[in-house]
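Structural features, examined
One letter stands for each residue in the lines below.
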Amino acid sequence: ALLDACLQPLMEVVSDSFEDPELFVPISVEQLALYAPPDERVWCHGTVTALSAGMFRSDLRIFNRDGSHCARITGLVSRSLRSPDLAGEMAGSLY
């Protein structure tokens, strides 16, 4: 749920870059660093570092309410469900 909440604003920005709305799913992470347990409420700073047809790469920094850094996700790759590679991989997994 935390990752989903952090990705929603980035996906909205990225979707605006395409003519047709896209639905993206995260498929890989280059690096995950945990510094402290997350609070019940956190805030996230996200940056899109690469954007191409059917995919985007982003970095996320997650902070607790007091501003302390609790996690960093680097190189998070998300692909469009319309991507031919991903669509083939997930064909039997979606209902």
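In this report, the structure presented in the accompanying data block is examined. Quantities reported herein were computed from a predicted structural model and do not represent experimental measurements.

Before going further, it helps to examine the side chain of N64. By secondary structure assignment, the location of N64 is in strand β4 (residues 55-64). A residue is classified by how much of its surface remains accessible, and N64, at 4% relative accessible area, is buried. In this structure, N64 is in contact with P37, P38, D39, R41, V42, W43 and C70, ignoring residues within four places of it in sequence.

It is worth spelling out the environment of D39 at this point. Assignment of secondary structure puts D39 in the loop between β2 (31-34) and β3 (42-52). Taking C-alpha positions, D39 is 5.6 Å from N64, a pair spaced 25 residues apart along the chain. Looking at D39, its side chain comes within polar contact range of the main-chain nitrogen of R65, at 3.3 Å.

Right, let's get into the nonpolar core. Formed by 13 residues in total, the largest nonpolar core has its most connected members in L7, F56, L60 and I62. Listed by contribution, the elements that provide at least two residues to this core are α1 (2-15), β4 and β5 (69-80). If one sorts the elements of this core by residue count, α1 sits on top with 5 residues. Each residue touching L60, except ones within four places of it in the same chain, is listed here: L3, C6, L7, L10, C44, H45, G46, A71, R72, I73 and L76.

The next subject is the pairing of β4. Regular strands have side chains that alternate between both faces of the sheet. Both β3 and β4 contribute to a ladder of 10 bridges, which runs antiparallel. Bridged to L51 within β4 is F56. Taken together, the 8 bridges between β4 and β5 define a ladder with antiparallel strand orientation. In the sheet register, L60 faces β5, and the bridge partner there is I73. The turn linking β4 back onto β5 is made up of 4 residues, and G67 within it adopts a positive phi angle of 90°.

Per the stated rule, a full pass over the model turns up 1 salt bridge. E30 serves as the salt-bridge partner of R57, at 3.4 Å between the closest nitrogen and oxygen. Of this pair, R57 sits in strand β4 while E30 sits in the loop between β1 (24-28) and β2; the two residues are 27 residues apart in sequence, bridging distant segments of the chain.

Secondary-structure assignment places L81 in the loop between β5 and α2 (84-90). Sequence separation between L81 and F24 is 57 residues, and the spatial gap between their C-alpha atoms is 5.9 Å.

Definitions and limits used
Counting from 1, residues in each chain are numbered in the order their sequence is written. For this predicted model, a pLDDT threshold of at least 70 governs which residues receive local features, and a threshold of 80 or more governs which side-chain atom pairs are given and counted, while totals over whole chains, interfaces and linings are taken from all residues. Just so you know, side-chain values use all the structure's heavy atoms and leave hydrogens and water out. In this description a helix means any DSSP run of H or I spanning at least four residues, a strand means any run of E spanning at least two, and both kinds are numbered starting from the N terminus. A 1.4 Å probe rolled over the protein chains alone gives each residue an accessible area, and that area as a share of the maximum for its type sets the label: buried under 20%, exposed over 50%, partly exposed in between. Residues are treated as being in contact if the distance between any of their heavy atoms lies within 4.5 Å. For this analysis, a polar contact is any N or O atom pair within 3.5 Å, provided that within protein one partner can donate a hydrogen and the other can accept it, and provided that sequence-adjacent residues contribute only side-chain to side-chain pairs. Only buried residues count toward a nonpolar core. Its members are Ala, Val, Leu, Ile, Met, Phe, Trp, Tyr and Cys residues joined through side-chain atoms within 4.5 Å. A pair of strands is treated as paired once DSSP finds two or more bridges between them. Salt bridge, as used here: a side-chain nitrogen of Lys or Arg that lies within 4 Å of a carboxyl oxygen of Asp or Glu.

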